[in-house]
Amino acid sequence: MALRKVFQEGEDILRKKARPVERFDDRLAELAQDMLETMKEENGVGLAATQVGILKQMFVMNLGDEVPEELQGDFVIVNPKISNTAGEQELIEGCLSLPGLYAHVKRPEKLTLHYQDLEGKEHEMDLSGFPAVCVCHETDHLHGILFRDKASEPLFRLDAEGRPQTAKVAQVQDDGSEI
Ligand code: NI
C-alpha cells in the first residue's frame, strides 16, 4: 500500500470525466487500498479516483461511526449510478481537493446508489442524510464537478473553534486567491 498525491483545485484532472471501470483486477484493488489509506491519512470521509489523478469511475468512503451500522466501515464504490433522488437537504461540505474550505450545498435528501464492488458484483443501496450527501459529492468528482460549483454561498473557512467565519467570509476563487 502507498499514499497517493491528492490533486488540488486548479489542476486540470479534477475537471475531467472518469471512465467506467471494465477490468476488476489486482491493480484496481491496489488502487482502492491506496485510496482508503490516503483518505484516512487526510482525515477524509470520501475520496474519488479522480482526486488521485486516475480517471476511473471509483471512489472510497468511510462515514465514521455515527451512521447506521450497515454503512460503517470501508466502502469501495465502482461505477456508481444514482437514481430515485427525492427531497432536498443542505449540509456543510468540504473536500480534500479544496482543503480548509467549506460551504452549504443543496443535495437530494434520499437516493438509490447502484454500484459494483472490486469483484464486479452489483449492489444497490438506499441512502438518506449525510451518506447520501457523501455519495453525491464523490460521484460528482467522477464527472469533473466540485462542490464549489453547487455551493449555495461563497466558500468559507472555519475559525479555531470549528465555526464558520461568518463575520468575515473568506471568498476563495478557483485559482486560490481570496477576494
Ligand atoms: Ni471532494
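In what follows, the structure referred to is the one given above.
Here's a quick rundown of the structure. (Residues numbered from 1 in each chain as written. Predicted model: local features only at pLDDT ≥ 70, side-chain atom pairs only at ≥ 80, totals over all residues. Heavy atoms only, no water.)

1. Considerations on the sheet that holds strand β3 (residues 75-86)
Spatially, β1-β2-β3-β6-β7 is the arrangement adopted by the 5 strands of the open sheet, whose pairing is antiparallel. Looking at which strands have only one partner, the edges of the open sheet turn out to be β1 (46-48) and β7 (122-128). For this sheet, the mean angle separating the axes of adjacent strands, direction not counted, is 40°. Where β1 meets strand β2 (residues 58-61), 3 bridges bridge the pair, whose relative direction is antiparallel. By the bridge assignment, Gly-46 is partnered in β2 with Met-61. Packed onto the sheet, helix α1 (residues 26-41) meets β1, β2 and β3 and runs at close to 40° relative to β2. Along the sheet, helix α2 (residues 129-141) makes contact with β1, β2, β3, β6 (110-116) and β7, crossing β7 at roughly 125°. (Pairing = 2+ DSSP bridges. Helix = DSSP H or I, 4+ residues; strand = E, 2+ residues; numbered from the N terminus. Axes fitted to C-alpha atoms, helices over the stretch in contact; angles between N-to-C directions. Contact = heavy atoms within 4.5 Å.)

2. Regarding the nonpolar core
In terms of nonpolar packing, the biggest core is built from 19 residues, with Met-61, Ile-77, Leu-113, Met-125 and Leu-127 touching the most fellow members. Those elements that place two or more of their residues in this core are β2, β3, β6, β7 and α2. Looking at this core, the element that brings in the most residues is α2, giving 4 residues. Val-6, Leu-36, Met-39 and Val-78 belong to the second largest nonpolar core, which has 17 residues in total. (Core = buried A, V, L, I, M, F, W, Y, C linked by side-chain atoms within 4.5 Å. Buried < 20%, exposed > 50% of the residue type's maximum accessible area, 1.4 Å probe, protein only.)

3. Some points on α1
An ideal rise of 1.5 Å per residue puts 22 Å on 16 residues; α1 measures up with 22 Å between its terminal C-alpha atoms. Elements that come into contact with the buried residues of α1 comprise β1, β2 and β3. Positive backbone phi, at 60°, marks Asn-43, one or two positions downstream of α1. (Expected span 1.5 Å × (residues − 1).)

4. Quick notes on the state of the cysteines
In total, this model carries 0 disulfides according to the counting rule given. Unpaired in this structure, Cys-134 has its nearest cysteine sulfur neighbour in Cys-136, at a distance of 9.3 Å. Residue classification places Cys-134 among the buried residues on the basis of a relative accessible area of 4%. For Cys-136, a relative accessible area of 7% corresponds to the buried category. (Disulfide = S-S within 2.5 Å.)

5. Notes on the pattern of salt bridges
Counting across every chain of the model gives 10 salt bridges. In this structure, the salt-bridge partner of Lys-5 is Glu-11, at a minimum N-O distance of 3.6 Å. The exposure class assigned to Glu-11 is partly exposed, which follows from its relative accessible area of 29%. Of the charged contacts, one joins Lys-106 and Glu-90 as a salt bridge, the two residues approaching to 3.9 Å between their closest N and O atoms. Residue Lys-106 is found in strand β5 (residues 103-107), and its partner Glu-90 is found in strand β4 (residues 89-93); the two are separated by 16 residues along the sequence. Take Glu-90: its relative accessible area is 36%, and that puts it in the partly exposed class. Within this structure, Glu-93, Arg-107, Asp-140 and Lys-150 form a network of salt bridges that share partners. (Salt bridge = Lys/Arg side-chain N within 4 Å of Asp/Glu carboxyl O.)

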